[in-house]
Structures are given as structure tokens and as C-alpha cells.
Amino acid sequence: MIYTLLMNPYIQYLSFNGFVLLLYLCQLSSFYDIQYEFILYFISVLVFFGLITRKLYNNNEQYLRKIENLLCIKDKRSFCWIIWLSFFIGAIASIYQVYAYGATILQENKVMRVEGSHYINYLVDLLQVSLVMSYVGIKVKLLRSSWLLKMILIFSGILLLLKMNRGAFSLFLIVVVYFSFFRSIKNNNIKQWKRKMFFILLGAVFLFGLIGDLRIQVVLETFYHMTVNELYGMSEIFPSGFVWTYMYITSPLENASRIFMEQSVWEYHFGLNMIYPFIAPLSRMIFDQRFDLFPPLQEEAGLNTSTYMIDAFNDFGYVGPYIYMCYLAFIYFIGCRAMRHNIYGIFCYLCAVDMGVWMIFANSVAIGSKMMVFLFFLFMTYRENVLRFLLKGSGSHRLDA
């Protein structure tokens, strides 16, 4: 059935990018100047991704039939310990960041996000782990009394909200959508899932606009005496929530288009941006913080996202996006393989889906928090095999000695 396509990240990626492209072509903002040379180039990258992954369009119904087993949490104690430890570490790190640097949500001017310590932020992002795992724990009735998991869920969300970073909630939203889908398949109730998704979509747009209003609208109206519609050159008939969502989703394509048409790379990074979380210190030693390419809309309207393409161009020039599509296909392949094993494999799969969604905004494979969470769930999926391999290796070493 058509809903099994929702289990296929390759088709998801093409569909979502095609949808964003159609929204962009609507040209609802006066900032947008459609360049059809870029549109054809962007489509060619999507076609390339479709061609290299066409043999991976597997029929996933066999996994849907096993979904009840996959959603089963076999080691409940370990599952609970991960939730509690990730929440405890993330909460302590978040409190430290607020104490030492402040919180974006508490600033009068919320346009400039308070970043704090770069490496402490990796610990703060463990709250994403506690957020999604506590949600699933509540749904599967992990504990007899779910009040503790509900408290962890609520406070994980509140602490993440202090950063005013909408990207921190994307994995949670994906987990909610897909976990509901898995349960609807299990219970043979797709109609209820579709109704639920409609309200979740409306709620996501509302919250997206609310965070945008909290960050910028007060500053606009107080200091610049203009509405968000005027700032982004959109008609006043559109509500602010729609304006935020539309501009956030489509402006990366306008930035990427202008970069493609107007800018050039002087110093290629040869793939370092593609694996940045693993070699960040080395990359900073080799290259300074100056980038040859920059998003033009950042100075005009504060819109600083430009898809993964800005890093792909910096790495390999115009061939870069095609190379990045091979890398994304590899990450998807790992996620799809992992989901066949257990609940952690499903989380790993959904992390891969999350990274694919964020490619339209930024180079998600270079976002440390997303890659860290993906690798964590990947390790948990195969932890028994990894530990068995390590123990076998140490045992043979002792025998050789």
C-alpha cells in the first residue's frame, strides 16, 4: 500500500525536496528571484539521488509485519537507565550553560541565539535522547506508573526550549509521526493516524510561528516598527505562523540559488565539511573561519540557511552536491539496516530520516548533535555484536601472550 512509502527514506527525501521546491516556485516573497538554471541544477541532483538509490527501494511490508517485535523493549532496565542518565547529564549541562552564559529565551533581544560552550552543548543535546525515549516509554507503558517518564519528557522539552532552537525538536516530531504510524499499522487503523497527523501538522506550524514570534516579532515591532510580513516581503493576508514556516523552509533555496549564480569558491575543503564532526579541530587548523561562500539573505533579512549546498560547493565545487547525495544514501542505508534489529535500530533509522529532512536547511551531516545521536543509537543497535567482538579480541590477545 502507498503508506509503506513512508518507511522508505529515499522516497521521503525526494518527495520532501520536491514539495519545498514547489513552494519556492510559488514565489510568495518579494525577495525571491527564480533562476531556472539553478532550478534545473537542483532537479538534476535529485534525479541523481533517485538513480543511485533506485535498487534500494525495497518493499518494506516484511518489516511492517514484524513491527510489533521491533517496538518491543526487551531490556527495560537498560532502556530506563539510558533515559535517566541522558536526562540527568543533559539537564546539568543545560543548567550550567544558562548559569554561565544565559538563555536565549530570557534575553530581551532573542534574535541572536546564546550559544554558550560548544562542547557542553553536545551534553545538552542528550536531552533529545531523553525526550524521544521517554515519549516511546510512555506509549509502550514501560513503567507501571508513567509519571516519572512524563516529568522527564516535559522538562527535557522545557530545557531544550531555552535555546530557542527549533532544530532540537525535529527528531522528536519525526519520532511522534513515525511511532504513531507504526502503531497504526500494528492496529490496522490508518484513518486515525491520518487525522492525528493533520492536527500534528497544524500544531507544528503554530509552534514554529510562536517560537519565531518570540524570537523576532517583539524586536521588529518595538525597534523597527514593522511586521514579520513586511520584513520578508510577503502579503499581510498570511498569518505569521505561515510566514515563518514558508520563509524558513524555502529561503535556503533562494540563498543556494544566489550562491550558485553569483559566488565562487577560492579554496576547496575537499570533503572536510562532509565529515566535520569527526575532524573539527583538524579542519580549523587547516582552514580559518572565513568562508568563500555566504548566504546573501542573511544581511537582507537575517535568513542564514542555504541548504547543504554551501558546504558541498566549498568542498568540491559544482560536483559537490552529487557527492553529498552518495554520502546521504550511505547514511540512509545504515539506518534502514539498523531498523531491522530492535527499538534502538528504529531510533537510528529515524535519526537518518531527520538528517535527510535537515539537508534542505543545512549540512546536517556536519551538525554534531545530529550525528552524535545517530551514532549513539547505532551503537546501541549493535552493542551486543560490538562487545562480543571486543571481548573476543581481548581474549585472543591473552591467549597469544
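Scroll up to find the structure this text is about.
Given the structure is predicted, the values throughout are model-derived calculations rather than measurements. (Residues numbered from 1 in each chain as written. Predicted model: local features only at pLDDT ≥ 70, side-chain atom pairs only at ≥ 80, totals over all residues. Heavy atoms only, no water.)

Student: Could you clarify how one ought to interpret the overall build of the protein chain in this entry?
Tutor: When helices and strands are tallied, the protein chain shows 19 helices and 0 strands. Out of the 401 residues belonging to the protein chain, those deemed buried represent 51%. Pairs at least 24 apart in sequence give 76% of the contacts found in the protein chain among residues at least 6 apart. As presented, the protein chain carries roughly 20,500 Å² of accessible surface, and 65% of it is formed by carbon and sulfur atoms. (Helix = DSSP H or I, 4+ residues; strand = E, 2+ residues; numbered from the N terminus. Buried < 20%, exposed > 50% of the residue type's maximum accessible area, 1.4 Å probe, protein only. Contact = heavy atoms within 4.5 Å. Areas by Shrake-Rupley, 256 points an atom, 1.4 Å probe, with all protein chains shown as cover.)

Student: Help me out: how do you make sense of the pattern of salt bridges in this one?
Tutor: Oppositely charged side chains may form a pair once their charged atoms are brought near each other. For the coordinates displayed, the defined rule picks out 3 salt bridges. The partner of Lys163 in a salt bridge is Asp125, with the nearest N and O atoms 3.6 Å apart. In this pair, Lys163 sits in the loop between helix H8 (147–161) and helix H9 (170–187) while Asp125 sits in the loop between helix H6 (118–124) and helix H7 (126–139), placing the two residues 38 residues apart along the sequence. The same class applies to Lys163 and to Asp125, which are both buried. The partner of Asp354 in a salt bridge is Lys370, and the shortest N-O contact between them spans 2.9 Å. Residue Asp354 is found in helix H17 (residues 343–358), and its partner Lys370 is found in helix H18 (residues 368–381); the two are separated by 16 residues along the sequence. Classification of Asp354 by relative accessible area gives buried; the value is 3%. (Salt bridge = Lys/Arg side-chain N within 4 Å of Asp/Glu carboxyl O.)

Student: Where do I start with the environment of Met197 in this structure?
Tutor: For Met197, the location among the structural elements is in helix H10 (residues 190–224). Residue classification places Met197 among the buried positions, given a relative accessible area of 14%. A C-alpha to C-alpha distance of 9.2 Å links Met197 and Phe181, two positions 16 residues apart in sequence.

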